Amino acid sequence: MRRLPLLTLVAAAVVAMSARVAAAPAGDPPSPQAPAAAQAAPGPASDPDLDFQPLQPDFTLVNLPTTLRLARNASAFRVTHRFTRPLNQGSVGSLFADALGIDSSAQIGLEYRYGIFRGTQIGFRRTNDRTIELFTHQSVAEERDGRPVSVAVFGSIDGTNNFRGSYSPALGAIVSRRLGSAAMVYVTPMWVNNSNSLPAEVVDDNDTTFVGIAARIRLRRTVYVVAEVMPRIAGYDPGDHQASIAIEKVVGGHAFQLNVSNGIASTIGSMARGAGTNGDWFLGFNISRKFF
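Residues numbered from 1 in each chain as written. Predicted model: local features only at pLDDT ≥ 70, side-chain atom pairs only at ≥ 80, totals over all residues. Heavy atoms only, no water.

**Details of the overall build of the protein chain**
Along the backbone of the protein chain there are four helices and 13 strands. When burial is assessed residue by residue, the protein chain has 41% of its 292 residues classed as buried. Sequence separation of at least 24 residues holds for 55% of the intrachain contacts in the protein chain that already meet a minimum separation of 6. Approximately 15500 Å² of the protein chain is accessible, and the part contributed by carbon and sulfur atoms is 64%. (Helix = DSSP H or I, 4+ residues; strand = E, 2+ residues; numbered from the N terminus. Buried < 20%, exposed > 50% of the residue type's maximum accessible area, 1.4 Å probe, protein only. Contact = heavy atoms within 4.5 Å. Areas by Shrake-Rupley, 256 points an atom, 1.4 Å probe, with all protein chains shown as cover.)

**Notes on the confidence of the model for the protein chain**
For the protein chain, the average pLDDT comes to 85, and 81% of its residues sit at 70 or higher. When the elements of the protein chain are averaged for pLDDT, helix α1 (residues 3-23) gives the smallest value, 43, and strand β9 (residues 223-229) the largest, 98. Segment residues 34-44: pLDDT under 50, and two contacts once partners within four positions in sequence are set aside and those in other chains are kept. (pLDDT = per-residue confidence, 0-100.)

**Concerning the environment of Q89**
With respect to the secondary-structure elements, Q89 resides in the loop between β1 (75-83) and α2 (92-97). Residue Q89 is classed as partly exposed on the basis of its relative accessible area, which comes to 37%. Placed 191 residues apart in sequence, Q89 and D280 show a C-alpha to C-alpha distance of 7.6 Å. In contact with Q89, not counting residues within four places along its chain, are S94 and D280. Reaching out from Q89, the side chain makes a polar contact with the side chain of D280 at a distance of 3.3 Å. (Polar contact = N/O pair within 3.5 Å; in protein donor to acceptor, adjacent residues only side chain to side chain.)

**Concerning unusual backbone geometry**
The residue A99 is not glycine, and still its phi comes out positive at about 55°. With respect to the element layout, A99 can be found in the loop between α2 and β2 (106-117).

**A short note on a nonpolar patch on the surface**
A surface patch of nonpolar side chains, amounting to about 430 Å² of accessible area, comprises F77, I108, L110, Y112 and F291. With three residues, the single largest contributor to the nonpolar patch is β2. Mapped onto the secondary structure, I108 falls in strand β2. (Patch = residues over 30% accessible without salt bridge, like charges linked within 9 Å, V, L, I, M, F, W, Y side chains within 5 Å. Salt bridge = Lys/Arg side-chain N within 4 Å of Asp/Glu carboxyl O.)

**Quick look at the pattern of salt bridges**
Where charged atoms from two side chains of opposite charge approach closely, those side chains can pair. In this structure the tally under the stated criterion is 13 salt bridges. Linking R118 and D49 is a salt bridge whose minimum nitrogen-to-oxygen distance equals 3.8 Å. Of this pair, R118 sits in the loop between β2 and β3 (120-127) while D49 sits in the loop between α1 and β1, and the two are 69 residues apart along the sequence. Its relative accessible area of 4% is what places D49 among the buried residues. The salt bridge involving R147 is made with D145; its shortest N-O contact spans 3.6 Å. Its relative accessible area of 42% is what places R147 among the partly exposed residues. Taken together, the shared-partner salt bridges in this structure form one network comprising D47, D49, R69, R118, E142 and R144.

**Considerations on the pairing of strand β7 (residues 183-193)**
Pairing geometry for strand β6 (residues 167-179) and β7, over eight bridges, is antiparallel. In the strand pairing of β7, G172 is matched with M190. The turn linking β6 back onto β7 is made up of three residues, and G180 within it adopts a positive phi angle of 60°. The pairing of β7 with strand β8 (residues 207-220) spans 11 bridges and is antiparallel. (Pairing = 2+ DSSP bridges.)

**Examining the packing of aromatic side chains**
Applying the stated rule across the entire model yields three aromatic pairs. Consider the rings of F83 and F285, whose centres lie 6.2 Å apart with planes at 55°: the pair is tilted. Pair noted here: F83 is in strand β1 and F285 is in strand β13 (residues 282-291), with a separation of 202 residues, a long-range link. F83 gets classed as buried once you look at its relative accessible area, which sits at 8%. For F285, a relative accessible area of 24% gives the class partly exposed. (Phe/Tyr/Trp six-rings, centres within 6.5 Å; stacked < 30°, edge-to-face > 60°.)

**Considerations on empty space enclosed by the protein**
Taken as a whole and judged by the stated rule, the model has four cavities of 30 Å³ or more. A volume near 120 Å³ is recorded for the largest cavity. Lining the largest cavity are 15 residues; nearest its centre among them are Q53, Q56, L68, E142 and R144. The residue makeup of the lining of the largest cavity, split by class, is three nonpolar, five polar and seven charged. Each pocket or cavity is described by its volume, and for the second largest cavity that value is around 80 Å³. (1 Å grid on protein atoms, 1.4 Å probe; cavity = no way out; pocket = protein on both sides within 12 Å on 5 of 7 lines; lining within 4 Å. Points joined across faces, edges and corners; volume = space filled by probe spheres on them. Nonpolar A, V, L, I, M, F, W, Y, C, P; charged D, E, K, R; others polar.)

**Regarding the nonpolar core**
Inside soluble globular proteins, nonpolar side chains tend to come together where they are buried. The biggest cluster of nonpolar side chains holds 22 residues, and the ones touching the most others in it are V192, F210 and I268. Among the secondary structure elements, those contributing two or more residues to this core are β5 (150-159), β6, β7, β8 and α4 (268-273). Broken down by element, this core gets its largest block of residues, four residues, from β7. Those residues in contact with F210, other than ones at most four positions away along the chain, are L64, T188, P189, M190, V192, M230, P231, R232, I233, I268 and A272. Ranked by size, the runner-up nonpolar core spans six residues in total, among them F59, L70, A71 and A74. (Core = buried A, V, L, I, M, F, W, Y, C linked by side-chain atoms within 4.5 Å.)

Quick look at the structure:
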């Protein structure tokens, strides 16, 4: 009989604890003793090289390279198309009869680039005049890391006749800076060897140093105006500095660009050799696609 009060107290405690559990809200957080497997594992850190850059949506301007990085194991493809009928030759009627030069022949280039390491990309380009360009792009500094500018080193080599003829190696740097949220500006000093089409034995200058100056201005969220010019400052200088202006539209991973240039050259070596003659201007377009 003495055990009855003790049993009564135990039963009362059990009932009280049951009532507290029943009254607890369904959304109570798990107790600190919950197993670690029940906690959500943090996801992997995102690669900033995969992020869309609003002021730098593509790896080139019209012909000049940008400082845009390509993520490791990512790739991109580009088509360049330059119609060979000068826009400023003939009458206005004949120009429209030729659909602004679209009826003419064209110089076409196909380019593919691949990110082999973080900040390092390599690429291959071929034009239908049988010039092959191999290039590499190494990022050195990023403005997004708090530096005043972004810097990349660019190297390439052109080879004519399917890389069996004349070779033109080039080495340079790309420096870019954002102007608020409206534009990105570029300075691209570049040295190009064997830029003179004449044999080295009969010419005084067989290389060219030029400085590319360019800008991409954002008009709307996905619409841009692009301009570039490449004045030569030393070496072989035929007198014509290639220049281009373009309107560009970005749609997802694609960039569509309609451009006008005073030359049809699109590789570094061919641009160093000279633009068009007689002040001619040519219609063209670029289409690029990112694969990441």
